[in-house]
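# Structural characterization, general
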Amino acid sequence: MGKCSLTVALPIISACGVECAVVPTAVLSTHTAFTGYTFHDLTGEMAPIEAHWRREGFHFDALYTGYLGSREQIELVQNYVRDFGHRDNLIVVDPVMGDNGKLYAGFTPDFAREMARLAGEADVIVPNLTEASYLLGIPYRTDRNEEELHELLRDFAGLGAKNVVLTGVSLRPGELGAMGYSAASGTFFYHASEHLPVSFHGTGDVFASALVGALTRERSLDDAVGVAVDDTVECLRETMRDPNHVSYGVNFETAIPYLLTRLGLAAGE
């Protein structure tokens, strides 16, 4: 129960017309905003799944990582990248670790340093401001101006990440969005929308999944970030339109037609 991680990523990417194969890292009865949830660790299954897929000779157009619960899981994911990543596919790392200036429960600065190593192998990394501060070992701030944000994004090139999409960025009052940077070209881009005065779990997963869906449909990174920003805001609007909405997630399901329209995949287009 809950709307985050695979329960968000799988339907959004599948709706984009992209076949998904998933490697769950854990099974929970609810997401962690609830109390008393059950937790079953699947670390022990990750290497056997990877070995089986390798024996079958599977090929993937993209590899997308989300919540990883331990340094061991990061190392196992690096094996997936080593065995299935190549010049013709896309590696996207969402370094899920924290928000609002703090790491999530159970994560440490040592974990962040290991995540930085994985980020260095990615074609695209999608941190929020909190995760960026821990990955780079710098103070958490929300008041950086455009020039300071550009400097922060350039610093990710030192990790090895080819492209960075920093979420939760605002250059003007009343707006919120994401800023991107391509290390190869040295170019920046910024997409923002209305900053709605609400907060729900899972919006980061919505953003990253819409981004992966758009990239796999061969949209440019700049265009894909714009789609992901607007789709995330549309999910929030759909939630607020619903008088019976739940507090534990956004109504991403009813926003899927909007996403498909943005990608030119709606019926009749």
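So, here's what we can say about the structure.

Glancing now at the packing of aromatic side chains. One pass over the full model with this rule turns up 10 aromatic pairs. Centre to centre, the rings of Phe60 and Phe84 are 5.3 Å apart; their planes meet at 85 degrees, and the pair counts as edge-to-face. One end of the pair, Phe60, is in the loop between helix H2 (43-56) and strand E3 (62-65); the other, Phe84, is in helix H3 (residues 71-84), with 24 residues separating them in the sequence. Phe84 matches Phe60 in its accessibility class, with the two residues each being buried. Through pairs of rings, three or more aromatic residues link up here, namely Trp53, Phe58, Phe60, Tyr80 and Phe84.

Reading across the sheet, the six strands line up as E3-E4-E7-E8-E9-E10 and stay open at both edges, with mixed pairing between neighbours. What marks the edges here is a single partner per strand, and that holds for E3 and strand E10 (187-194). Here eight bridges tie strand E9 (residues 175-182) to E10, and the two strands are oriented antiparallel to one another. Opposite Ser182, over in E10, you have Thr187 as the bridge partner.

On to the pattern of salt bridges, then. In the structure shown here, the tally under the stated rule is 16 salt bridges. Of the charged contacts, one joins Glu253 and Lys3 as a salt bridge, the two residues approaching to 3.2 Å between their closest N and O atoms. You can see Glu253 sitting in helix H9 (residues 252-262) and its partner Lys3 sitting in the segment before helix H1 (6-15), a full 250 residues away along the chain. The class for Lys3 is buried, based on a relative accessible area of 14%. What emerges from the salt-bridge pattern is a single network uniting Glu50, Arg54, Arg82 and Asp83.

Parameters and conventions
Residues numbered from 1 in each chain as written. Predicted model: local features only at pLDDT ≥ 70, side-chain atom pairs only at ≥ 80, totals over all residues. Heavy atoms only, no water. Phe/Tyr/Trp six-rings, centres within 6.5 Å; stacked < 30°, edge-to-face > 60°. Helix = DSSP H or I, 4+ residues; strand = E, 2+ residues; numbered from the N terminus. Buried < 20%, exposed > 50% of the residue type's maximum accessible area, 1.4 Å probe, protein only. Pairing = 2+ DSSP bridges. Salt bridge = Lys/Arg side-chain N within 4 Å of Asp/Glu carboxyl O.

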